[in-house]
Amino acid sequence: LDCIFRHVGTRRIVFSSFDPDICYILAEKQRIFPVLYLTEAGTAVTEDVRKNSLAAAFEWARMHRLAGIASGVQGIFGETEDRHDLVQQFMQQGF
C-alpha cells in the first residue's frame, strides 16, 4: 500500500480480489480507495462459504464496509427469482 500511496498521483484506483480476506485487509488498512469483492456467486462451489452464493458475498461486503461486489452475470441472472430480489436489496443499500 505504501508504494501505491507514493505513486498514485491523480489516478483513480479500485482494489478488488476474489479472496474475501484480502478484501477485508485492504479495507481495514486504508479507506481512501474503494474495495470490491469479486465473486463467482456460487457458480463454482468452494469450501469457503463466503464464495458460494451471491447472498454470502453481499453479506460479507456489507459487514466489512466494502464498496460493493462484482460478479459475472451468470451469478446474478440465475434461474431463481431470489437473485433478482437480492439485486434489488443491493441497490437499496447503496451497492
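Our structure is the block above this text.
What counts and what doesn't
Residues numbered from 1 in each chain as written. Predicted model: local features only at pLDDT ≥ 70, side-chain atom pairs only at ≥ 80, totals over all residues. Heavy atoms only, no water. Pairing = 2+ DSSP bridges. Helix = DSSP H or I, 4+ residues; strand = E, 2+ residues; numbered from the N terminus. Right-handed = clockwise from strand over helix to strand, strands pointing away. Buried < 20%, exposed > 50% of the residue type's maximum accessible area, 1.4 Å probe, protein only. Contact = heavy atoms within 4.5 Å. Axes fitted to C-alpha atoms, helices over the stretch in contact; angles between N-to-C directions.

### Things to note about the pairing of strand β3 (residues 68-71)
Bridge analysis of strand β2 (residues 35-39) against β3 gives four bridges, and the strand direction is parallel. Opposite tyrosine 37, over in β3, you have isoleucine 69 as the bridge partner. Assessed by its sense of winding, the connection that carries the chain from β2 through helix α3 (residues 54-63) to β3 is right-handed.

### Quick look at the pairing of β2
Where burial is concerned, the two faces of β2 differ: the one with Val35, Tyr37 and Thr39 is buried and the one with Leu36 and Leu38 is not. Pairing of strand β1 (residues 15-17) with β2 involves three bridges; the strand directions are parallel. Note that in β2 the partner of serine 17 across the bridge is tyrosine 37. Between β1 and its parallel partner β2, the chain crosses via helix α2 (residues 20-29), and the hand of that crossover is right-handed.

### Some words on the side chain of histidine 64
If you trace the backbone, histidine 64 turns up in the loop between α3 and β3. Residues within four places of histidine 64 in sequence aside, it is in contact with Tyr24, Ala27 and Arg31.

### Comments concerning the environment of arginine 65
Position of arginine 65 among the secondary structure elements: in the loop between α3 and β3. Taking the relative accessible area as the measure of exposure, arginine 65 reaches 57% and is therefore exposed. Sequence separation between arginine 65 and glutamate 28 is 37 residues; the distance between their C-alpha atoms is 9.2 Å. Not counting chain neighbours up to four residues away, the residues in contact with arginine 65 comprise Glu28 and Arg31.

### Here's the deal with the sheet that holds β2
Consider a sheet: its strands pair through backbone hydrogen bonds, and that pairing is either parallel or antiparallel. Taken in spatial order, the three strands of this open sheet run β1-β2-β3, and their pairing is parallel. Sheet topology places β1 and β3 at the edges, where each strand pairs with a single neighbour. Ignoring which end each strand starts from, the neighbouring axes of this sheet average 30° apart. Each of β1 and β2 is contacted by α2, which is oriented at about 175° to β2, the strand it contacts most. Strand contacts of α3: β2 and β3, with the helix running at about 150° to β3, the strand carrying the most contacts.

This is a description of form; function is not addressed.
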